[in-house]
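Listed below are the residues making up each chain.
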Amino acid sequence: MIPFVDDVDTKPFFDAARDHRLVVQRCGSCAQIAHLPLGLCPHCGSGDLSWETVRPAGVLHTWTVVVRQVHQDYPTPYTIVLVDHIDHPSVRFIGHIAGERSLAPGQLMRAEFIDRGGVVMPNWCVDTSTRSDSGEDPPS
Amino acid sequence: MGIGSTDFSKASGRSVLTLATSAARAAISDAGLQIDDVDAVIRCENDIVGHNDIAHALGLRELSYWGSTPGGGAAPSGMIGQAVAAVTAGLATTVLVYRSLNGRSGERYGQGAGHEARAIGGFGSYDEFFMPYGLLTPGQVWALIFRRHMIEFGSTTESLREIALTCRRRANANPRAQLGHKLMTAEDYDNEPIISDPLRKFDFCLETDGASAVIVTSAERARDGAQPMCTITATAQSASHGMQPAVMFPVLMRGSLVEQPSAGVADLLYRRAGIGPDGIDVAQFYDCFTPTVLMQLEDYGFCTKGEGSDFAMSGALELGGSIPINTAGGNLSEGYIHGMSHIVEGVRQIRGSSTSQVDGAKTCLVTSGLPVVSSALILSGSA
């Protein structure tokens, strides 16, 4: 299953992913972050939304290990992770980890870019480069 | 109010239209009305049976008001609210409200979408941010939400098991329930495999072929009806606590996953009804997955936020407890009619005709689905 990348509101996210950049929208008028992407700022109504590159880093918010398979493209077990962006906790991303592994809330995660059927998308995996503060709540 | 349901099964062998028609005829008859007394229809937007489809199948000569309510399982209480509004505004006198589906032999919601699609998402669905990662079903969403509840509050799967067992015990007294004949022990629950951890098979609701229907009319008309009066004290819908778009997956972007729009529904509903949780005798909680019950116990004020697990383990949910729940077995064990059968059972409690009757029940809380938006209503005996 590959993402549809030609939606007028969300296409720039995947265009950036092709260049291995993780981006979110920021409003040029009120300076707030908008995610999920849209055409007008939900905070102030401005159409002056631009795409800002953010660090490929986050902390683990929650996860589930899927055991019962429902789709041929996704053999089980696999783990779905929900990640808070490290600099913008209101921005969350989904990631897919094959199999299951020991995870803890608040642990550091990093984005990598994967190719699925010719479409590049960010994915999130455990950041093994830095020792995490596992067990602690992520910033709220 | 009149109520009617078909049998609940895994393979009805009937069309969704036939199921809807049977439930509607049963509800009209139950109310002591004639088919032609129905002048309005409110349906769930997800129902494949349209307003004119059911009118034609019932042989109605005229329909003068209709509407639909979006939101799948979140719709039914809102549908009743829409019917009440139509009657109150003078747009209708007698409203048929129904939900019909072949949820097991036809389209199975739990299987996830996208099996045919080559590229998923776009067009405002935002599915492109979720489904390509293998996040495909409502059960996986609830697993993510409940794990967060566990992280923040130390909630337990034992309390989910207690909710599943409670619903099954009520189903065991209900001959209409899909799993009414099957007893369940704690060991049975534990022995079933994990589906999406921490949720096991019996944390998931049934898939059901069936239909339920409700007739809503004015109090004046209902007084002359065939049944004891059941008054719709208040209804409420709410999209709140972190507005999110689309059908389901973007709820995972909500600032706090342990906040649900059912808390917004509760605020509105209690204010409109002029009572609080202390005034509720029995409740039918929407239970597509066991965590929805636990979080609604908190949101509707039966315990404080974060104490749902302890409360569920306290015996409060049992017959004779402070708030008996899902007295027909709920989505988990009676059948999954997308929330409409919860309203039917609520009416039975007010009439005193439930198979797990709460002695002297004068008020019943009925809730509809979550987590995107939600709705609920309060039923009471003759005002």
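Note: the structure precedes this text.
A short tour of the structure in this document, coming up. (Residues numbered from 1 in each chain as written. Chains lettered and ligands numbered in written order. Predicted model: local features only at pLDDT ≥ 70, side-chain atom pairs only at ≥ 80, totals over all residues. Heavy atoms only, no water.)

As a further point, take the packing of aromatic side chains. Enumeration over the complete set of coordinates arrives at 13 aromatic pairs over all chains. On the numbers, 6.3 Å between centres and 25° between planes, the contact of Phe 13 of chain A with Phe 93 of chain A is stacked. Pair noted here: Phe 13 of chain A is in helix H1 (residues 11-18) and Phe 93 of chain A is in strand S7 (residues 92-98), with a separation of 80 residues, a long-range link. The two residues Phe 13 of chain A and Phe 93 of chain A agree in class, both being buried. Centroid distance Phe 14 of chain A to Phe 129 of chain B: 5.6 Å. Interplanar angle 40°. Geometry classified as tilted. In this pair, Phe 14 of chain A is assigned in helix H1 and Phe 129 of chain B in the loop between strand S5 (119-120) and helix H4 (138-153), connecting two distinct chains. The pair Phe 14 of chain A / Phe 129 of chain B is uniform in exposure class, with both members buried. Here a set of aromatic residues connected by ring pairs shows up, and it is made of Phe 13, Phe 14, Phe 93 and Trp 124 of chain A together with Tyr 126 and Phe 129 of chain B. (Phe/Tyr/Trp six-rings, centres within 6.5 Å; stacked < 30°, edge-to-face > 60°. Helix = DSSP H or I, 4+ residues; strand = E, 2+ residues; numbered from the N terminus. Buried < 20%, exposed > 50% of the residue type's maximum accessible area, 1.4 Å probe, protein only.)

A few words now on the nonpolar core. Proteins that are soluble and globular tend to have nonpolar side chains buried together. Residues and elements named next belong to chain B. Core analysis: the largest hydrophobic core is formed by 132 residues, its most contacted members being Leu 252, Tyr 300, Phe 302 and Leu 365. When residues in this core are grouped by element, the largest group, six residues, is from H4. In this structure Phe 302 touches Tyr 270, Pro 277, Ile 280, Phe 285, Leu 297, Phe 311, Ile 323 and Leu 365, once residues within four positions along its chain are discounted. (Core = buried A, V, L, I, M, F, W, Y, C linked by side-chain atoms within 4.5 Å. Contact = heavy atoms within 4.5 Å.)

The next subject is the environment of Arg 271 of chain B. For Arg 271 of chain B, the location among the structural elements is in helix H8 (residues 262-273). Along the backbone, Arg 271 of chain B and Ala 234 of chain B are 37 residues apart, and their C-alpha atoms lie at a distance of 9.0 Å.

Our next topic: helix H3 (residues 76-88) of chain B. Helical periodicity: at 3.6 residues per turn, an α-helix aligns residues three or four positions apart in one direction. Residues and elements named next belong to chain B. Its 13 residues place the ends of H3 18 Å apart at the C-alpha level, agreeing with the 18 Å of an ideal helix rising 1.5 Å per residue. Every buried residue of H3 is accounted for by Pro 76, Ser 77, Gly 78, Met 79, Ile 80, Gly 81, Ala 83, Ala 86 and Val 87. One or two positions beyond H3, positive phi appears at Gly 90, with a value near 80°. (Expected span 1.5 Å × (residues − 1).)

A separate point is unusual backbone geometry. Following His 35 of chain A, the chain continues to Leu 36 of chain A via a peptide bond in cis, the omega torsion being 10°. Mapped onto the elements, Leu 36 of chain A comes out in the loop between strand S3 (33-34) and strand S4 (49-54). For the bond from Leu 370 of chain B to Pro 371 of chain B, the omega torsion is 25°, close enough to zero to count as cis. Relative to the helices and strands, Pro 371 of chain B is located in the loop between strand S11 (363-367) and strand S12 (374-380). In this structure, Ala 31 of chain A is a non-glycine residue whose phi angle is positive, near 70°. Inspection of the secondary structure assignment puts Ala 31 of chain A in the loop between strand S2 (22-27) and S3. Of the residues examined, Ala 31 of chain A reaches a relative accessible area of 44% and is grouped as partly exposed. Despite not being glycine, Asn 326 of chain B has its phi angle at roughly 45°, a positive value. Asn 326 of chain B sits in the buried class, given a relative accessible area of 0%.

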